[in-house]
Amino acid sequence: MLRLAITLILSMMLATAFPAAANADLDLSLDIDASAATVVPDSVNMPRDVRYSWKQLLRQRRLKVNDESIEYPPFIDFCLRVYRWAEDNFNTYNPDYVAGTGKHGKVRLVSDNWTDTYLVEFSSGKPLFMASNLYCNIGFQANYSILSLSYSVDMNSLLSDRTAQHKKLGFSFSCSRIYADAYYWKNTGTTKIRQIDLGSDKDKQYEDVPFDGLSFRAYGAMAFYIFNYSRFSFAAAYNLSNYQLRSQGSWMLGASGTRYDCSFDFTKLPEYILENSKVPKETYRLNYNSVNVTGGYSFNWVMNRHLLFNTTTLPGIGVSFSHSDSTTGHRTLLSLAVRQMLSLTYTNRQFFITANGSFHGNLLPTTGMRFNSGIVNFQVSTGVRF
């Protein structure tokens, strides 16, 4: 009886100390077997179909993926075990430096702006620099866990009668140790010659000359490993899925692969440029694959509890393999690449505003020609987490 009385007193003290337990996911109620004078958890006496009913817990919004006492169908159980293993080994942080947002969803309004750039330099002449007009998309994005929904409007087509002839698609994945992304670019619209040196005092009059002889397509992917993964969060700056609490940086190492298919129909250049430059009067095609080893450094500067600034520089070096239908023929060439990224994020509780800028450039030196291509991207977004 003395043990029973002590048990009852302890139960009352727990109920007093944790008054919110009745509304929490943790069940503190106890059954007392008077004959054995022992405390037995409720789950032992619950019917099996109730104790392990994951469907019922899901309907009650009490299902927790890390609760290993719940029985699932074999396939779901296997998927959850893989998820728990990946979460424990690839997505953990030092809580003194990185904290979770406590939210699974985001909605935001996005302004996405970019331009394609091309620098063509022949050994027998001066460089020719071209860049497209600024493309602008206004869009809406909604994310919850792994689900995503987005819609955007091409403002160039909306505000003018020009048909959209460009595409820029992207996909990214991140966890504490690994970041990966994939992209697709396409441009078959009018590009402008921003600068060309004709060796005379009249160079400036040849700026911003329309050129519709370009056809460009590229797609590729990049992934890198984050060495200081426990104290540094790349996702805090670019995916807004974490908070960086203290300034930290990390070295990164990875690889990238890109496929390029680009052709310049120089016969469509204005006659006065063809007459005063050494640009070949033909169609020049570059069709090649590049594989690069990529490495660099990324740093998160916590300016205050609301502002986070990130800078990331990732140069790469590797080889390119041109196809036989390229103007230079089938060859193995040196390949150089660089990825520069900047981010400034303001957060106030669940509200955020972020501005991101990036440059993705590639260099291919061929016989008689050096080709540089790049895409400059600037994005501003605002929204809330939920």
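This one's a predicted model, so the numbers in the text were calculated from it and none came from an experiment. (Residues numbered from 1 in each chain as written. Predicted model: local features only at pLDDT ≥ 70, side-chain atom pairs only at ≥ 80, totals over all residues. Heavy atoms only, no water.)

1. Considering the overall build of the protein chain
Note the cut-off: Here a helix means four or more residues in a row that DSSP labels H or I, a strand means two or more in a row labelled E, and each is numbered from the N terminus. Three exposure classes are used, based on accessible area relative to the maximum for each residue type with a 1.4 Å probe and protein chains only: buried under 20%, partly exposed in between, and exposed over 50%. Throughout, a residue-residue contact means that at least one pair of heavy atoms, one from each residue, lies within 4.5 Å. Under the convention used here, a 1.4 Å probe and the Shrake-Rupley method define accessible areas, while residue burial counts only the protein chains that appear.
A count of helical and extended segments in the protein chain gives eight helices and 19 strands. Relative to its full complement of 386 residues, the protein chain shows a buried share of 37%. Long-range pairs, those at least 24 residues apart, make up 63% of the contacts in the protein chain with a sequence separation of at least 6. Summed over its atoms, the accessible surface of the protein chain is roughly 22,000 Å², and 59% of this surface lies on carbon and sulfur atoms.

2. Quick word on the pattern of salt bridges
What counts is decided by this rule: A side-chain nitrogen of Lys or Arg and a carboxyl oxygen of Asp or Glu constitute a salt bridge if their distance falls within 4 Å.
A full pass over the atoms with the stated rule returns six salt bridges. A salt bridge links R285 to D325, with the nearest nitrogen and oxygen atoms 2.8 Å apart. Taken together, the positions of R285 in strand β15 (residues 283-302) and D325 in the loop between β16 (307-322) and β17 (331-348) put the pair 40 residues apart, joining distant regions of the chain. Given the relative accessible area of 39%, D325 is considered partly exposed.

3. Focus on the packing of aromatic side chains
Threshold: Only Phe, Tyr and Trp rings are paired, with Trp represented by its six-membered ring, and only when their centres lie within 6.5 Å; those with planes under 30 degrees apart are stacked, over 60 edge-to-face, the remainder tilted.
Applying the stated criterion to the full structure yields 16 aromatic pairs. Considering the side-chain rings of Y225 and F227, the 5.3 Å spacing of their centres and the 80° angle between planes classify their relative orientation as edge-to-face. Residues Y260 and Y288 carry aromatic rings whose centres are separated by 5.2 Å and whose planes lie at 20° to one another, so their mutual orientation is stacked. Residue Y260 is found in strand β14 (residues 248-265), and its partner Y288 is found in strand β15; the two are separated by 28 residues along the sequence. This pair shows no difference in class: Y260 is buried, exactly as Y288 is. Put simply, the rings of Y118, F211, F216, Y260, F264, F266, Y288 and F371 touch in pairs and so form one group of aromatic residues.

4. What about the nonpolar core?
As a reminder of what qualifies: Residue types Ala, Val, Leu, Ile, Met, Phe, Trp, Tyr and Cys, when buried and joined through side-chain atoms within 4.5 Å, form a set referred to as a nonpolar core.
Formed by 32 residues in total, the largest nonpolar core has its most connected members in I193, F264, F266 and F371. When residues in this core are grouped by element, the largest group, four residues, is from strand β4 (residues 105-122). Residue contacts for F266: discarding those within four places in its chain leaves V120, F122, L128, F211, L274, V279, P280, E282 and Y284. I226, F232, A237 and M341 belong to the second largest nonpolar core, which has 14 residues in total.

5. Some details on unusual backbone geometry
Of note, L240 is a non-glycine position whose phi angle comes to about 60°, a positive value. Its place among the elements puts L240 in the loop between α7 (234-238) and β13 (242-244). Its relative accessible area of 2% is what places L240 among the buried residues. The residue R349 is not glycine, and still its phi comes out positive at about 60°.

6. Considering the pairing of β17
Stated precisely, the cut-off is as follows: We call two strands paired when DSSP finds no fewer than two bridges between them.
Two strands pair when backbone bridges link them, and β16 and β17 are joined in this way by 16 bridges, in the antiparallel orientation. Note on β17: the bridge partner recorded for S320 is L333. Pairing geometry for β17 and strand β18 (residues 351-366), over 13 bridges, is antiparallel. Along β18, the bridge assignment pairs L344 with A355. With antiparallel pairing between neighbouring strands as the criterion, β17 and β18 make up a hairpin whose turn holds two residues, including R349 at a positive phi of roughly 60°.

7. As for empty space enclosed by the protein
Gaps left between atoms are located by rolling a probe of water-molecule size over the structure's atoms. Short version of the rule: Two kinds of site are reported from a 1 Å grid over the protein atoms alone, namely cavities, where a 1.4 Å probe fits but cannot get out, and pockets, open sets with protein on both sides within 12 Å along at least five of seven lines, and residues are called lining when an atom falls within 4 Å of a point. Grid points are joined across faces, edges and corners, and a volume is the space filled by probe spheres set on the points. Residues are grouped as follows: Ala, Val, Leu, Ile, Met, Phe, Trp, Tyr, Cys and Pro are nonpolar; Asp, Glu, Lys and Arg are charged; all remaining types, including Gly, are polar.
Across all of its chains, the model carries one cavity of 30 Å³ or more by this definition. By volume, the largest cavity amounts to about 90 Å³. Contributing to the lining of the largest cavity are 14 residues, with M222, S256, T294, A337 and H360 lying nearest its centre. Secondary-structure elements contributing two or more residues to the lining of the largest cavity are β14, β15, β16, β17 and β18. Tallied by class, residues from the lining of the largest cavity come to six nonpolar, seven polar and one charged.

8. Concerning the pairing of β14
Most of β14 is tucked away, with 13 of its 18 residues classed as buried. Strand direction decides the pairing type here: strand β12 (residues 214-226) and β14, joined by 13 bridges, are antiparallel. Across the sheet, R217 pairs through a bridge with D261, a residue of β14. Sheet topology note: the β14/β15 ladder contains 18 bridges and is antiparallel. Following the sheet pairing, T258 is matched in β15 by S290.

9. Observations regarding the environment of L240
Taking the C-alpha atoms as reference points, L240 and G100, 140 residues apart in sequence, are found 9.7 Å from one another. The residues touching L240, leaving out its near neighbours within four places in the chain, are T101, K106, R108, A235, T345, F352, T354 and R385.

10. Overview of the side chain of T354
Going by this rule: Identification of polar contacts relies on pairs of N or O atoms within 3.5 Å, with a donor-acceptor requirement for protein atoms, meaning one able to donate a hydrogen and the other able to accept it, and with residues adjacent in sequence counted only if both atoms are side-chain atoms.
Relative to the helices and strands, T354 resides in strand β18. Here T354 falls in the buried class, since its relative accessible area comes to 3%. Polar contacts involving the side chain of T354 include one to the side chain of T345, which spans 3.3 Å. When residues no more than four places from it in sequence are discounted, the contact partners of T354 are R108, A237, L240, S343, L344, T345, Q379, V380 and S381.

11. Points about a nonpolar patch on the surface
Using the following cut-off: What goes into a patch is any residue over 30% in relative accessible area without a salt bridge, connected to like charges within 9 Å or, for nonpolar side chains (Val, Leu, Ile, Met, Phe, Trp, Tyr), within 5 Å.
Among the surface-exposed residues, F227, W251, L253, V293, Y297, F299, W301, M303 and L344 lie close enough to one another that they form a single nonpolar patch of about 900 Å² accessible area. Among the elements of the structure, β14 and β15 are those that each provide at least two residues to the nonpolar patch. The topology assignment puts W251 in strand β14. The class of W251 is exposed, set by a relative accessible area of 58%.

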